[in-house]
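Summary of structural features
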Amino acid sequence: MNPIDNKSPAACSSEIDASLRVPLLALFGGAALWLVVGLVLGLLAGLKFHAPDLLGACPLMTYGRLAPAANDAVLYGFAIPAALGVILWIMSRLSGMPVALPIVPVVAANIWNVGVLVGIAGILIGESTGYPWLEFPRAAAVLLFAAFLLIAVSAAATFGWRRQRELFPAHWFLFAALLWFPWTYSSANLFLTAVHVPRGMVQAVIDWWFANNLLFVWLGLAGVGIAFYFLPKIGGRPLASSGYALFGFLTLMFFGSWVGIPVGAPVPAWLPTVSTVAAMLSIPPVIAIAIVSLRTACGAKVVCFGGPFCFLRFGLLSFFLGSMLYLITGCPRFGHLVQFTWYSVGQTQLTLLGFFVMVVLGGIYEILSKTSGLELPFPKLAKAHCYLAMLGVLLYAVPLVIGGVEQGIRLQNPAVPFADANAAALLWLRISSTGQILLILGSLLLALNIFVMTIKWKIALGKSLFAAVTAPLPVTEVKA
Amino acid sequence: MKTGIGVFVAAFAALGASWAGFVLAPSLQLGGTKVTTVLNSTDEYPVQRPGEAALGLQVYRANGCAACHTQQVQQDGTAFEVVLTGAGKDPVTVSNLAAGLKLTGLTKEAADAAAKTIADAGGKTETHLSGTGADISRGWGSRHSVAVDFLYDAPVQPGSLRAGPDLTNIGARAADANWQLVHLYAPKAIVKDSTMPSFAYLFEVRAATGSAEALKLPAGFAAPAGFEVVPTPAARHLAAYLLSLHADAPLYEAPYSQLAKP
């Protein structure tokens, strides 16, 4: 799928890139800010375990609010909108078309950012819904849903009017992702924030269904789709074994969407049993995707010291590890052991930050200078970001996974007092806070690059506008 | 996957199926959950939380207590226990006999056999059923949690991380409102190295009026002389909610400690 940009009937790639300049800078700029915010909130939350009364007098900064706010800021603030930006770009490139309705994603980006702001503020002032990963109050959820639909419409229209008829593996994954989010998000919100909320544990089942479909299936579809576009593109060779890719795509959707009800949950026994079976059946697609990635990435002669290829490879490795760590919790014995420990926190962060965010960052760094028509202001800092992020994820997520297993073993042994089981985890939490600091430093470098770039672009825009209008018009009418 | 329509149909079918299975079906099945009765009794279970406690559930939600606390007791299995209730005509023989037998952690068959041996010697026994597992040994509950425990709660907050103890039965474990309030105000006043954050912002420090509401705090945590710490309504509601957490009634689907046939 590599050289399509050069095929004759399609629009030339610089035209496509230019059409996406404003939408992408809007999406990426907001996302970069939220990433910093989310990681800082996460660090503050983590520090509470070393100093429980840090900022304790301030209700906005209590652990139970900081922790979900941090997760949601990274997921809804960065991961989803940034991925949507990258997806729009991929869709345009694959269609050989400038993005359709370019004003739509710009409007959507702003709606989205307002939605995230309302949501995070809502959580911090105590208006969370109380459902994990769906904490945003209703007003915020409506904004996010509307903004997502707008962007999906723009992507679908770009696809519908395409000049390039072929369908690539990246298409399958990204399409499914565009359908998946609005359905799961609206459905879960409709049920859980409705006037007549379903009774009792139905709420938890719906929330687990949603969280699995977002954190495992959606991140998988969108992240793998993005990676399956860039791997061959940067590597300069076609995607290997697309039969495996098709198998992985279908089975991930059909089986992966049934995972997520924890073993031992206080619900009718068939629910966790179905999830256990689905988790085992979801291992083959994860392996298939890993094989495709490995075969495509390995032969590529790309020197990637900290470049986009590096982000992608690390992301795909984390996809494999994070997904496997997730799926094996479907085994009843192991699931019981780690169920209420830091293990799942570490696993989730490995998938979210190690896989998805890394893949999206690879995409952003690859297209940023193309779409803005400007050089990256600080290319060295982009590379530094790669190393900081990789090290940060390892230090953040892996200790939580290991510490979680240790905590689980102690919790399972009633002779060990609860406080001791807890204390065992504290040491690991300390290491993970170090990882969070590195991640913050990295995200600041991204924000710096994007903002300096945006400012330069605005200045250039202003200058050219100025040049175009100075002669015939009075200066007062010049607006940049 | 040659056409966009094909991809769309596949994705639609996959997600539709899981939606029907995990959203629709549970809504129909579990959504119809009704109040049940306590095992071997006519008492209804669960009972609605009293007004203050229902408000307290929202305080629990707003402050994200579920980020550190679960409300789900897990259970590995069940075990029978034979208890000697009468020694009959020959107490010495019977109690010696009983002392020589394994009477706890038994299967049904082993329990029946032990009961029979003692009965043959003239003793009287009762057989009890109890849950087993780490949570139950820790005293967090007598049985595993079941869906009906959460019937009246919205949002349900089963929790997913045990950075703090399970609270399913905290209302039975620490049934004193003042204890709960002191713990919320200053966890370290009760557990020296507690990593639970203080929720002092749910309290008010004001000039002492000798009010009955004022917390009785241990030395080192008390308000400065001439001042007192009183709970805000939110803190009172939260404490009422914590006291209402008591999901331990034996049920048909989660029985324990029942008098089984000897």
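Reference entry: report on the structure contained in this document. (Residues numbered from 1 in each chain as written. Chains lettered and ligands numbered in written order. Predicted model: local features only at pLDDT ≥ 70, side-chain atom pairs only at ≥ 80, totals over all residues. Heavy atoms only, no water.)

A few words on the packing of aromatic side chains. Within this structure, the stated rule accounts for 30 aromatic pairs over all chains. Considering the side-chain rings of A:Phe159 and A:Phe175, the 4.5 Å spacing of their centres and the 90° angle between planes classify their relative orientation as edge-to-face. Placement of the pair is A:Phe159 in helix 5 (residues 138–160) and A:Phe175 in helix 6 (residues 169–192), with a sequence separation of 16 residues. A residue is classified by how much of its surface remains accessible, and A:Phe159, at 8% relative accessible area, is buried. According to the relative accessible area criterion, A:Phe175 is buried, its value standing at 16%. Here B:Phe199 and B:Tyr201 contribute two aromatic rings whose centre-to-centre distance is 5.9 Å and whose plane-to-plane angle is 65°, an arrangement assigned as edge-to-face. Three or more aromatic residues joined by ring pairs make a cluster, and in this case those are A:Tyr76, A:Trp112, A:Phe136, A:Phe148, A:Phe181, A:Tyr185, A:Phe210, A:Trp218, A:Phe319, A:Phe355 and A:Phe356. The ring of A:Tyr244 has A:Arg295 sitting right over it, with the charged end atom 5.4 Å from the ring centre. (Phe/Tyr/Trp six-rings, centres within 6.5 Å; stacked < 30°, edge-to-face > 60°. Helix = DSSP H or I, 4+ residues; strand = E, 2+ residues; numbered from the N terminus. Buried < 20%, exposed > 50% of the residue type's maximum accessible area, 1.4 Å probe, protein only. Lys NZ or Arg CZ within 6 Å of the ring centre and 35° of its normal.)

Moving on, we come to the pattern of salt bridges. In total, this model carries 13 salt bridges over all chains according to the counting rule given. Between A:Arg93 and A:Asp17 there is a salt bridge, with its nearest N and O atoms 2.9 Å apart. Note that A:Arg93 is positioned in helix 3 (residues 63–95) and A:Asp17 in helix 1 (residues 13–19), a separation of 76 residues in sequence. Summarising the burial analysis for this pair, A:Arg93 and A:Asp17 share the class buried. With a closest N to O distance of 3.8 Å, B:Lys192 and B:Asp193 form a salt bridge. (Salt bridge = Lys/Arg side-chain N within 4 Å of Asp/Glu carboxyl O.)

Attention now moves to the packing of helix 5 of chain A against helix 6 of chain A. All names here are of chain A. Relative to each other, helix 5 and helix 6 sit at 155°, their axes nearing to 10 Å. Relative to helix 6, the element helix 5 is oriented roughly antiparallel. Of the two elements, helix 5 crosses helix 6, and the hand of that crossing is left-handed. Within the contact between the two elements, helix 5 uses Ala141, Leu144, Phe145, Phe148, Leu149, Ala152, Ala155 and Phe159 and helix 6 uses His171, Phe175, Ala177, Leu178, Phe181, Pro182, Tyr185, Ser186 and Asn189. When its residues are assigned to classes, the contact of helix 5 with helix 6 shows 14 nonpolar, three polar and no charged. (Axes fitted to C-alpha atoms, helices over the stretch in contact; angles between N-to-C directions. Parallel < 35°, antiparallel > 145°, perpendicular 65-115°, else oblique. Left-handed = near helix turned anticlockwise from the far one by under 90°. Contact = heavy atoms within 4.5 Å. Nonpolar A, V, L, I, M, F, W, Y, C, P; charged D, E, K, R; others polar.)

Once that is clear, we can look at the interface of chain B and chain A. Listed by partner, the interface residues are 65 residues for chain B and 74 residues for chain A. Carbon and sulfur atoms supply 69% of the area that chain B and chain A bury against each other, a total of about 5,700 Å² over both sides. Put simply, chain B and chain A have one salt bridge between them. Linking A:Asp53 and B:Lys188 is a salt bridge whose minimum nitrogen-to-oxygen distance equals 3.7 Å. (Buried area = accessible area lost by both parts, 1.4 Å probe.)

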